[in-house]
Amino acid sequence: MAILFNEKAKTFTLHTRNTSYQMKIGSFDYLLHLYYGPCVPDEDMSYQIMEYDRGFSGNPYESRNARTFSLDAQPQEFTTYRQGDFRISSIEVINGDGSYCYHGKPVDYKISQGKYKLDTLPCVFASETDTVHTLEVTLCDAASNLKVILLYSVFEEADIITRSVKVLNAGDKAVHLKKIMSVCLDFLNGANLDLVSLPGRYGQERQVERQPMTHHIHSIGSIRGSSSHQQNPFVILCDREATEDYGWCYGFSLMYSGNFLAEAELDQYDQLRLVMGINPNSFLYELKPGGTFEGPEVVMAFTCRGFTALSHIYHDFYRTNLCRSKFVGEVKRPVLINSWEAAFMNFDDVKLVEIAKAAKNMGVDLLVMDDGWFGKRDDDNSGLGDWYVNENKIKCGLHRLVEQINALDMKFGIWFEPEMVSEDSDLYRAHPDWAMEIPGRHGVRSRNQLALDMSRRDVQDYLIEKINAILDDANIYYVKWDINRSLADIWSNSLPAGNQGEVCHRYILGLYRVMDEIILTHPHILFEGCSGGGGRFDPAMLSYYPQYWVSDNNNPIDRLKLHYGTSFVYPTCTMGAHISDSGRFVPLETKAVVAMCGTFGYELDATHLSKKEQKLCKKQSDLFRKYYHITFWGDFYRLTDPFKAGNMTAWQHVTKDKKESLLSVVVTSLTCNGPQEYIKAKGLDPKAMYSLNGSRELRSGSALMNAGIPINREVPEYSAFQFHLVKAD
Ligand code: DGJ
């Protein structure tokens, strides 16, 4: 059994294959956190907790004259609020009597088989072969009767523990939630920990930063209405010495696409607390008597074997337990060509068919008609919201256009930006109150478009009806779902003034409902997420879309960093990557090597390519298909760090059985008459012999991993190499 309750010690112990997690109903019935790390037997780990008289750290009333138990110093599984613990909190609540406090103690628990579900938010799921158990621990504040239910699901083989939280107002007065975090994890000694995060910006998403924990609150989050380009809802806490191959690493990945927050605080005693959940900024949620609230899920993983092992845990899990689309495993992803960088909004049906014909010679399977096909949309100042075909551009109609593409034996894809509206649109003229604008104030301009109030049922229903009508009218194989601005004017005309603090969360709930009704009702369509590049690349989105556009930045040299950072948590099969005209001095071959670390496609005017270039592209598309089982399903290794000085960036995919591998190298700069460089492979069978790119001369896995492969330095800058390693029989 993966979850055990020891009646005598009052400990709950959660076991995965390689990790253990423990909490205990401890002194004065507080739920204390005791341990998360490598497997330990079911022993009571509370021997580690020392109780001292800590000056200026108060003691709860129940401890009477004993001054040695302070909530300010004890490790908590979920914190109280304003009860003498002055560190960052799990919850902040305004009670019905106007008081600001929460004092929850465990009153009940339940252990069951299978994975818990959330009614309002996406979650990971258990597959048929997974062994999963769930623990629910209910805390109750005796004075207010506000209950907090802590949820844990333990995925034994995957080494994953998910956590979430539900709040139930069992009292007789309305309360207001100001903050509710899905996870709280206390470390008895955190002075030697680093925090790794994935900050970025438009065009440079998910770069990697590492900071040592010091005595203040480190916070990472978004208040942009979406998980954002600027931060990603994923953090790692790791040993100061941790590397790709060694060291303790804890991962926290939040299944939420809106405002989020991760906070880490090293306290006065060098203990560390990490909390993660919905960002409390501009958040105030009313819970009437009987009302419930769900916090998003956090997917946690631990390994003592460094960043690569942590990434492998997430990659394996997110490949199989996140998205139910048949395009995850059953059906292979197509090689696509997208019209955006080929023509922007300046196209018509004839142009699209011309691009498709040229792309056919390049081994492309799918033509995607990007922004510009609907309403009045010749630039980005108008048209959003009017989801009907612009027949000045698509003169033959959508049906006929799709038929022409299908006649080339190619599939057809289409772009939407459902959550937005242009002021110059029929939709805005008919329903100005559907846009998010604060009454009496001017709205913030961003790409000259406004956000639709996704919290409104009528807005949701409009989008579901209009988009489904298009999808059901023609033979659509693929949809790119975009969003191109942050939320600034937080207001809903459908909510009373006192409930405006609910708008951002309700927006996300509304969005998930729309996605349920469009995406889940079209299981035969491949959906790709996009947010002005990769601004909402998060696991909740990936539970709907098997793939997500990494960035609008298609420069292959910048992409090395983008793919590197993204790979810390998200597998190759989720990363939308295309070859475009960007990176003028980078050869087409190199662009292809980089795009093969992703879903592979093109984003250029294929009609401008020469026959020779088209032939080369065909070869590359075929290679992508040839290596698909390695790149999509193999283990991924970051062989070099592109953020550090060096002449080469290298990465590798290895099949689970170690029989095949694809090792890729891009020469990013060349030092004149410089030293010979070697790339050391990883993940191979050290005893096996491998052929390199079909050569008869074999090399042992051990030699390839310990001595490495010499990279020919007499090549032009930005050259790339791919080594296909095949284990000899
Ligand atoms: C932003 C996306 O990232 C681009 O790929 C493109 O679809 C444009 N939006 C279209 O407006």
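Residues numbered from 1 in each chain as written. Predicted model: local features only at pLDDT ≥ 70, side-chain atom pairs only at ≥ 80, totals over all residues. Heavy atoms only, no water.

### Concerning the sheet that holds strand β12 (residues 209–212)
Right, on to step 1. Strand order across the open sheet formed by 9 strands is β6-β7-β8-β9-β19-β15-β14-β11-β12, with antiparallel pairing between neighbours. Strands with a single pairing partner mark the edges of an open sheet, and in this sheet they are β6 (104–113) and β12. Shown here is a sheet whose adjacent strand axes are inclined to one another by a mean of 20°, direction ignored.
Right, on to step 2. In this structure, strand β14 (residues 234–239) lies alongside strand β15 (residues 249–254), joined through 5 bridges in antiparallel fashion. By the bridge assignment, F234 is partnered in β15 with S253.
Right, on to step 3. Seen against the sheet, helix α1 (residues 306–320) touches β8 (146–155), β9 (160–169), β11 (193–197), β12, β14, β15 and β19 (292–303) and runs at an angle of roughly 130° to β19. (Pairing = 2+ DSSP bridges. Helix = DSSP H or I, 4+ residues; strand = E, 2+ residues; numbered from the N terminus. Axes fitted to C-alpha atoms, helices over the stretch in contact; angles between N-to-C directions. Contact = heavy atoms within 4.5 Å.)

### Topic: the domain arrangement of the protein
Right, on to step 1. Along its sequence, the protein is carved into domain 1 (3–321), domain 2 (337–629) and domain 3 (639–727).
Right, on to step 2. Using C-alpha coordinates to define each centre, domain 2 is positioned 35 Å away from domain 3.
Right, on to step 3. When the two sides are added together, the surface that domain 2 and domain 3 hide from each other amounts to roughly 1500 Å², 74% of it contributed by carbon and sulfur.
Right, on to step 4. For the interface between domain 2 and domain 3, the tally reads 0 salt bridges.
Right, on to step 5. Our count for the domain 2 to domain 3 interface comes out at 5 residue pairs in polar contact (both at pLDDT 80 or more).
Right, on to step 6. For the side of domain 2 that touches domain 3, the per-class residue count stands at 12 nonpolar, 3 polar and 2 charged. (Domains from an automatic or database assignment. Buried area = accessible area lost by both parts, 1.4 Å probe. Salt bridge = Lys/Arg side-chain N within 4 Å of Asp/Glu carboxyl O. Polar contact = N/O pair within 3.5 Å; in protein donor to acceptor, adjacent residues only side chain to side chain. Nonpolar A, V, L, I, M, F, W, Y, C, P; charged D, E, K, R; others polar.)

### Details of empty space enclosed by the protein
Right, on to step 1. This structure, assessed with the given rule, holds 7 cavities of 30 Å³ or more.
Right, on to step 2. By volume, the largest cavity is sized at about 90 Å³.
Right, on to step 3. Taken together, R559, L560, H563, Y564, C597, F636, R638, T640, P642, T649, A650 and W651 make up the lining of the largest cavity.
Right, on to step 4. Those elements giving two or more residues to the lining of the largest cavity turn out to be α9 (556–566), β31 (635–638) and β32 (648–654).
Right, on to step 5. For the lining of the largest cavity, the leading source of residues is α9, giving 4 residues. (1 Å grid on protein atoms, 1.4 Å probe; cavity = no way out; pocket = protein on both sides within 12 Å on 5 of 7 lines; lining within 4 Å. Points joined across faces, edges and corners; volume = space filled by probe spheres on them.)

### What about the state of the cysteines?
Right, on to step 1. Applying the stated criterion to the full structure yields 0 disulfides.
Right, on to step 2. The cysteine C140 is free of any disulfide, with C101 supplying the nearest cysteine sulfur at 13 Å.
Right, on to step 3. Unpaired in terms of disulfides, C323 finds its nearest cysteine sulfur in C573, a separation of 9.5 Å.
Right, on to step 4. The exposure class of C323 is buried, given its relative accessible area of 7%. (Disulfide = S-S within 2.5 Å. Buried < 20%, exposed > 50% of the residue type's maximum accessible area, 1.4 Å probe, protein only.)

### So, the sheet that holds strand β33 (residues 660–667)
Right, on to step 1. Here 6 strands make up an open sheet; going across it, the order is β31-β32-β33-β38-β35-β36 and the pairing antiparallel. Where the open sheet ends on each side, the last strands, each with one partner, are β31 and β36 (698–700). Taking each pair of neighbouring strands and ignoring which way they run, the sheet shows an average axis angle of 25°.
Right, on to step 2. Judged from the 7 bridges that link them, β32 and β33 form a sheet pairing that is antiparallel. Residue pairing in the sheet places T649 in a bridge with V666 of β33.
Right, on to step 3. Packed onto the sheet, helix α11 (residues 611–633) meets β31, β32, β33 and β38 (720–727) and runs at close to 105° relative to β33.

### Considerations on the pattern of salt bridges
Right, on to step 1. Summed over the entire model, instances satisfying the criterion amount to 44 salt bridges.
Right, on to step 2. Between R210 and D194 there is a salt bridge whose closest N-O contact spans 2.9 Å. Of this pair, R210 sits in strand β12 while D194 sits in strand β11, and the two are 16 residues apart along the sequence.
Right, on to step 3. A relative accessible area of 36% places R210 in the partly exposed class.
Right, on to step 4. Judged by relative accessible area, which is 5%, D194 ranks as buried.
Right, on to step 5. For the salt bridge of D605 with K351, the shortest nitrogen-to-oxygen distance reads 2.8 Å. Taken together, the positions of D605 in the loop between β30 (601–603) and α11 and K351 in helix α3 (residues 349–360) put the pair 254 residues apart, joining distant regions of the chain.

### Considering the pairing of β11
Right, on to step 1. Across the 5 residues that make up β11, a large majority, 5, are buried.
Right, on to step 2. Because side chains alternate across β11, one face comprises the buried residues L193, L195 and S197, and the other comprises D194 and V196, equally buried.
Right, on to step 3. As paired strands, β11 and β12 are joined by 4 bridges and run antiparallel to one another. Note that in β12 the partner of D194 across the bridge is P212.

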